[in-house]
Structure formats: C-alpha cells, structure tokens
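Examining the three-dimensional arrangement
Okay, here's what each chain looks like letter by letter:
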Amino acid sequence: KEIIECRRCLRLVEFREDIARTKRKQFMDWDYWGKPVTGYGDTNAKLLIIGLAPAAHGGNRTGRVFTGDKSAYFLFKCMYEVGLSNQPNSDSLDDGLELFNCYMTPMLKCVPPQDKPKPDELNNCRLFIELEVQLLKNVKYIVALGKIAFDGYLKILKSNFDFKMKDFPFIHSRYHDLPNGKILISAYHPSPRNVNTKRLTFEMMVSLLNKIKNQI
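Attention here is on the structure that accompanies the text. This one's a predicted model, so the numbers in the text were calculated from it and none came from an experiment.

**So, the overall build of the protein chain**
The helix and strand inventory of the protein chain stands at seven helices and six strands. The globule rule puts the C-alpha radius of gyration for 216 residues at 17 Å, and the 16 Å found for the protein chain is close to it. With the principal axes as the frame, the protein chain shows a C-alpha extent of 45 × 35 × 35 Å. The proportion of buried residues among the 216 residues of the protein chain is 52%. Long-range contacts, defined here as pairs at least 24 residues apart, represent 66% of the contacts in the protein chain between residues at least 6 apart. For the protein chain, the exposed surface amounts to about 10800 Å²; the carbon and sulfur share of it is 49%. Between the mean site of the 33 positive side-chain charges and the mean site of the 24 negative ones, the protein chain shows a separation of 5 Å.

Right under this line is the structure:
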C-alpha cells in the first residue's frame, strides 16, 4: 500500500497518469492501473528478479510487473521453460500466473518517459527495494535484468559495506559473490531491442535461468 500510494516523483506521477488517461488504441477498453507497481511472486522465494520499471502499456496498464508487454512475453516463455512459472504467458492480474521459488520486482516502481529514469527518481525508489529485500528473508540469488537494476542493487549494499562498484562488472550471466552473503547475477534485460538484435536470445536466457533453478 505504501508503494502504490507514493507520489514523490512529480515527473513520473504525471507521466504514468497521462498514459492511463490517453491509453493505446489497442487497449482502449482497459481501465489502466496508472499507479506504482509492486513486486509479485513467492514471498518465501530464494530467487529475486529485479527489472528496470513497469512498461507504459504493460505494468502501468495491468498493475503487475512484467505483465502485458513484449519483455514479459519473452521472459515468461523462458521462465516457463525452466519451471519457474506455471504458464508461459503473463497477460493480466486474473490470468492465473504463479511463480515458483521466485519473486520479481521493478527497481523503479513507476514507468519513466522513454524508459530513462533520472538519478533522483531512482534514489527516491531505492527505499522500497531495500524494504522488499529485507522482507524477502530466504532470497539467496538476485538476478538484475539490465545495468540500472544491477547498479541499483549494489548501491543499496554500499550503505552497509565498503566496496568499489568497478569490482562488479556488468556482464551477462556473470555471478558476483556479495559481502552480504548473497549472489548477484547480471543479465541483459529482455527488452525488444535486446531480443530483436539477438543480443539476448531465448537460448541464452533459458540457459541462465536453468542454471540458477538447479542451484536454488
């Protein structure tokens, strides 16, 4: 409730609510969510997946992270393939989706213009990620989808541990042992750009998720 009620970033509030009013032609019959998007999944999970932010006509429309957009279509095909979800699609809040031993959340809870959050917006939202991490007591592995999520999680750690960010390079499928005893895994974001250019393929993501699933 605290996340959903947040209005700290004026630019993001105006943008998410404008999208919810104007909508996209193909979704005119939808009642857009238009508010911050919380995490979702198994609260006892050992695996935490952190994305960048809700998509304008995905999470900002449906009210659930990685739901109803092209990144979600790709990611959940991979999740289902390795047994981390009960179905290969994530379309709406009532589609019956379940996650197994996995919880997902966006680093930024509101959709930013051009998918480019400002530093102060990320700083404002970092409190929520910190609280989520504290509440997810069993998490051992964290997959950061994209460099913004990756750096965001490391910045949370820097408030309690002394290390240099450069010692943790962002390389797809790289495992990083963290000073808090957890393992951070850097991965390319399943954005249409990365998928369409083959920077990230179905085989690459399935291979990574399957390796993690066999360890949790």
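Moving on from the coordinates now.
**Focus: the packing of helix α3 (residues 70–82) against helix α7 (residues 202–213)**
Working note: a packed helix pair is described by the angle between its axes plus the distance between those axes. Running from N to C, α3 and α7 point in directions that differ by 45°, and their axes come no closer than 9 Å. Here α3 is positioned oblique relative to α7, judged by the angle of their axes. α7 is crossed by α3, and the crossing has right-handed handedness. Here Phe 74, Lys 77, Cys 78, Met 79, Glu 81 and Val 82 of α3 come into contact with α7, specifically with Phe 202, Met 205, Val 206, Leu 209, Asn 210 and Lys 213. Across the contact of α3 with α7, the residue classes tally to eight nonpolar, one polar and three charged.

**With respect to the nonpolar core**
Among the nonpolar cores identified, the biggest contains 60 residues, and Met 79 and Met 104 are the most heavily contacted of them. Put simply, the parts of the chain that give this core at least two residues each are β2 (47–51), α3, β3 (102–106), α4 (119–135), β4 (141–145), α5 (147–158), β6 (183–187) and α7. Top contributing element to this core by residue count: α3, with seven residues. Not counting the four nearest positions on each side in its chain, Met 104 is found in contact with Gly 39, Tyr 40, Ile 49, Val 65, Phe 66, Leu 75, Phe 76, Met 79 and Leu 99. Counting residues in hydrophobic clusters, the runner-up holds six residues, among them Phe 27, Tyr 32, Ala 56 and Val 111.

Criteria and thresholds
Along each chain, the written sequence defines residue order, and numbers are assigned to residues from 1. Thresholds applied to this predicted model are a pLDDT of at least 70 for local features of residues and 80 or more for the giving and counting of side-chain atom pairs; totals over whole chains, interfaces and linings are not thresholded and use all residues. The side-chain quantities take in all heavy atoms of the structure and omit both hydrogens and water. The secondary structure listing takes helices from DSSP runs of H or I that are at least 4 residues long and strands from runs of E that are at least 2 residues long, numbered from the N terminus. We compute the radius of gyration over the C-alpha atoms and compare it with the globule rule, which gives 2.2 Å times the number of residues raised to the power 0.38. Residue burial is assigned from relative accessible area. The probe radius is 1.4 Å, only protein chains are included, and a residue is buried under 20% of its type maximum, exposed over 50%, and partly exposed in between. The contact criterion used throughout is that any non-hydrogen atoms of two residues lie within 4.5 Å. Using a 1.4 Å probe, the Shrake-Rupley method yields the accessible areas, and only the shown protein chains count as cover for residues. Note that His is not counted, nor are the chain ends; the positive residues are Lys and Arg, and the negative ones are Asp and Glu. The location of each charge is read from NZ of Lys, CZ of Arg, CG of Asp or CD of Glu. What counts as an axis is a line fitted to C-alpha atoms, over the stretch in contact for a helix, and the angles between N-to-C directions run from 0 to 180 degrees. By the definition adopted for this analysis, an angle is roughly parallel if under 35 degrees, roughly antiparallel if over 145, roughly perpendicular if from 65 to 115, and oblique otherwise. Handedness of a crossing follows from how the near helix is turned relative to the far one, being left-handed for an anticlockwise turn of less than a right angle and right-handed for a clockwise one. Under the grouping applied here, Gly and all other residues not named as nonpolar or charged are polar, the nonpolar ones being Ala, Val, Leu, Ile, Met, Phe, Trp, Tyr, Cys and Pro and the charged ones Asp, Glu, Lys and Arg. What we call a nonpolar core is a set of buried Ala, Val, Leu, Ile, Met, Phe, Trp, Tyr and Cys residues that are connected through their side-chain atoms within 4.5 Å.

So far we have only geometry, and geometry alone does not tell us how the molecule works.
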